[in-house]
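If you want the building blocks of each chain, they are given just below.
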Amino acid sequence: MRVGLFPNEGGGSYRFVIMALAAIGVLISSLPVIIVTIMSFSASDNTGFPPQALSLRWYQEVIALFTQADGSSAQSVVDATLTSLLVAVIVMSISTLVCIPLAYALTRGDRRIRTGMELLFTLPLVFPLVILGIAFLLIAESLRLDIGIWRIVIPHIALVLPFVLRNCLGAMSGIHPEIEEAAISLGASPLRAIWDVVIPLMKAGILAGLIFALIISFNEFTITFFMYTIDVSTLPIWMYSRTVSSLDPSTLALSVFIIFADIVLIVLVDKLIAGRASLF
Amino acid sequence: MITRNDHLHIDGISKNFGDVKALADIDLKIQRGSFVCLLGPSGCGKTTLLRIIAGFETATTGRLLLDGNDITQQPPHKRGFGMVFQSLALFPHMTVAQNIAYGLKLRGINGKARRERVDELLNVIQLPLIADRPVSALSGGQRQRVAIARALAIQPPLFLLDEPLSALDAKLRDSMQIELRQLQQKFGVTTILVTHDQHEAMMLADELVVMKDGAIRQSAAPATVYRHPADSFVADFLGAANLVDAGQVSGGAIQLLGRPMSIPSKHPENTHLQAAVRAEHITLRPAGASDGSAVGTILFMRDLGPLTELVVDVAGENLRVRSTNAASQGMAVGSKVSVIVDPEHVSVFAAS
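**Focus on the overall build of chain B**
Move 1: When helices and strands are tallied, chain B shows nine helices and 20 strands.
Move 2: Counting only C-alpha atoms, chain B reaches 80 × 45 × 35 Å along its principal axes.
Move 3: Burial statistics for chain B: of 352 residues in total, 52% are counted as buried.
Move 4: Of the contacts formed within chain B by residues at least 6 apart in sequence, a portion of 67% connects residues at least 24 apart.
Move 5: A total accessible area of about 15,900 Å² is found for chain B, and carbon and sulfur atoms account for 49% of it.

**Observations concerning the domain arrangement of chain A**
A common measure of how large an interface is: the accessible area buried when the components associate.
Residues and elements named next belong to chain A.
Move 1: Partitioning chain A into structural domains gives domain 1 (9–64) and domain 2 (73–272).
Move 2: Computed over C-alpha atoms, the centres of domain 1 and domain 2 are 29 Å apart.
Move 3: Counting residues at the interface gives 13 residues for domain 1, matched by 12 residues for domain 2.
Move 4: Here domain 1 and domain 2 share an interface that buries about 1,100 Å² over both sides, 83% of which is from carbon and sulfur atoms.
Move 5: Counting the contacts that link domain 1 with domain 2 gives zero salt bridges.
Move 6: Across the domain 1-domain 2 interface, the total number found is zero residue pairs in polar contact (both at pLDDT 80 or more).
Move 7: Elements supplying a minimum of two residues to the side of domain 1 that touches domain 2: helix 1 (9–40) and helix 2 (57–67).
Move 8: Residue contributions to the side of domain 1 that touches domain 2 peak at five residues, all from helix 1.
Move 9: Each residue belonging to the side of domain 1 that touches domain 2 can be placed in one class, and the counts come to six nonpolar, five polar and two charged.

**A closer look at the interface of chain B and chain A**
Move 1: At the interface, 26 residues of chain B touch 18 residues of chain A.
Move 2: The contact between chain B and chain A buries some 1,700 Å² in all, and 65% of this surface belongs to carbon and sulfur atoms.
Move 3: At the junction of chain B and chain A, the tally comes to one salt bridge.
Move 4: The salt bridge partner of Arg51(B) is Glu181(A), with a shortest N-O separation of 2.7 Å.
Move 5: Joining chain B to chain A, the criterion identifies five residue pairs in polar contact (both at pLDDT 80 or more).
Move 6: Among the elements of the structure, helix 2 (76–79), helix 3 (96–106) and helix 5 (140–153) of chain B are those that each provide at least two residues to the side of chain B that touches chain A.
Move 7: Grouping the constituent residues of the side of chain B that touches chain A by class yields 15 nonpolar, six polar and five charged.

**A look at helix 4 (residues 111–126) of chain A**
What sets the pattern is the α-helix's 3.6 residues per turn: residues three or four places apart point alike.
Move 1: In this model helix 4 of chain A runs 23 Å from its N-terminal to its C-terminal C-alpha over 16 residues, within 8% of the 22 Å that 1.5 Å per residue would give.
Move 2: Regarding helix 4 of chain A, its N-cap is Asp110(A), as a side-chain oxygen of that residue lies 2.9 Å from the backbone nitrogen of Arg112(A) further along.

**Side note on the environment of Asn99(B)**
Residues and elements named next belong to chain B.
Move 1: Mapped onto the elements of the fold, asparagine 99 is located in helix 3.
Move 2: Note: C-alpha distance between asparagine 99 and threonine 324 (225 residues apart in sequence) is 48 Å.
Move 3: Non-local contacts of asparagine 99, meaning those with residues more than four positions away in its chain, are made with Leu90, Phe91, Met94, Val135, Val146 and Arg150.

What counts and how
- Every chain begins its residue count from 1, and numbering advances along the sequence as written.
- Chain letters start at A and ligand numbers start at 1, both assigned in the order the entries are written.
- Residue-level local features of this predicted model are given only where pLDDT is at least 70; pairs of side-chain atoms are given and counted only at 80 or more, and the full residue set underlies all totals for whole chains, interfaces and linings.
- By convention in this description, side-chain values take in all heavy atoms of the structure and omit both hydrogens and water.
- Helix and strand definitions here come from DSSP, where helices need a minimum of 4 consecutive H or I residues and strands a minimum of 2 consecutive E residues; each element is numbered from the N-terminal end.
- Three labels apply to residues, based on accessible area from a 1.4 Å probe with only protein chains included: buried if under 20% of the type maximum, exposed if over 50%, partly exposed otherwise in between.
- We call two residues contacting when some pair of their heavy atoms lies within 4.5 Å.
- To be clear on the numbers: accessible area is Shrake-Rupley with a 1.4 Å probe, and residue cover counts the displayed protein chains and nothing else.
- Throughout, the edges of the domains are those of an automatic or database domain assignment.
- Note: buried area is the sum, over both parts, of the accessible area (probe 1.4 Å) each one loses when the two are combined.
- Take a side-chain nitrogen of Lys or Arg and a carboxyl oxygen of Asp or Glu: if they are within 4 Å of each other, that pair is a salt bridge.
- N or O atoms closer than or at 3.5 Å make up a polar contact, with two conditions inside protein: a donor-capable atom paired with an acceptor-capable one, and, for residues adjacent in sequence, both atoms drawn from side chains.
- In this classification, Asp, Glu, Lys and Arg are treated as charged, Ala, Val, Leu, Ile, Met, Phe, Trp, Tyr, Cys and Pro as nonpolar, and every other residue, Gly included, as polar.
- Here the expected span of a helix is defined as 1.5 Å times the quantity of residues minus one.

Here it is, written out as structure tokens:
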């Protein structure tokens, strides 16, 4: 008989501890989502919890925000959303275009260089985000140049690169150099071999990296808070200013939309990288 | 001198990796349509030599001549050599047919011609029905055949194989060797195979090239290499040979197992010699007959079916013996036996 990997000796106390820890973990990570979702259906004007009555009025409000021109606010939610999406798409494309050749070079090149480079690209992750924000702000201000949307795009790229690179490296490491050599021996130029063989085999990792970049950039707040201007601002910044000025549940309803989109993307990532690239 | 039948001429190829000399001045002429096996222990440079021929490594010095044309500087994708890799390196995102068709696609062969060529090859490898399967769904032997078909599809002037059968289990490897040899004969393609398995090399090769430490030790037909090894390394590496001290040449005779034996030898007098005697060339008789042969004691004996494997102690030398009749003669561990060596099957070398 197979020995159970889920220990139940000692009157099932191991089992109990493991289950309790798992339950606490799930609760902590899902609590904000649950509360935000419940409160977004509140019928009252404030964010008291639990809501006294339920309604869809804040969803109507959000839809109204997007459909009616809002002249009063400095930048409308529509502009902020479009900026966020544009930033995310640019960040996603550039970081992937950088990481595919980078991952290839690091995997096929010197092992020591690879370790060093990986560390270097991971630095933004261990740096306090606030300091990173100040650093990028100082750089942007010292440029004395209006670089428009790029003042947000560039810090975002720095932030997502480690995630995209890890995924591409994970995908690359499974590709035996002999597979490329096989293509070359059959008459493919080295570039053609990469295009025909390496890229298709990296596909899952590349897509996972793309979606990661999209989610991280779209939700980024801390660095963007330092970098945004009246002309260039993102949806998280808009939501923050809206929450500060009037804490009504409409931002919560908006969050539910974003959470839903994120979940769809994360499920997609999960399906793509099953058994291939790694998240971290 | 280049003759019309020299297909590939490896002319003084050396390769250094930093301070390490992987290949030292390799000279080899490969006949058109022949099957050449590069045989040697790991680290002998055989794979490096194959990769230089394929173009995946560049030689430090020396030239490669294909039909008399210098191809030393030609990049691998322009050489058009079919290659089967140790890992087989099938493209996992393609079907069997797409794998075989890849080289044809790169050559601009499209539509009907390509499909016909793929079908032809699938028939040759006796797998006509698996064209649309993903390669992940194939068994080890099927993958092997597909890798061979993919390399042969482009009608390569040279067919290169890097230990392609090493991942198969013994029985399958045996039948694949026969199949590979038959395929090579059918296509008449000049073939170079790298292996560390001497049995495989003997099964396949027209010419056996035994390598050690980046140099060729002997290059000849397998039977010649087996019967007349050029040195003690070759004798030891191929088959089960006993290397024994043979004393000094005096009066045209050597000392073998404490007995004088006359050996036609080109070695000068007083050279210290070593003799190689194959395990199957030693005959054992029950001791007693006073025929002047050496007497030994059986230390180990095992009946393997077709033959019996023995270790016999003769004057302090442990000899490996393969006998076809030891068991039937009532020999057992501890028995005293007469050890008879046929001088015709003794190779002598200057002791290193």
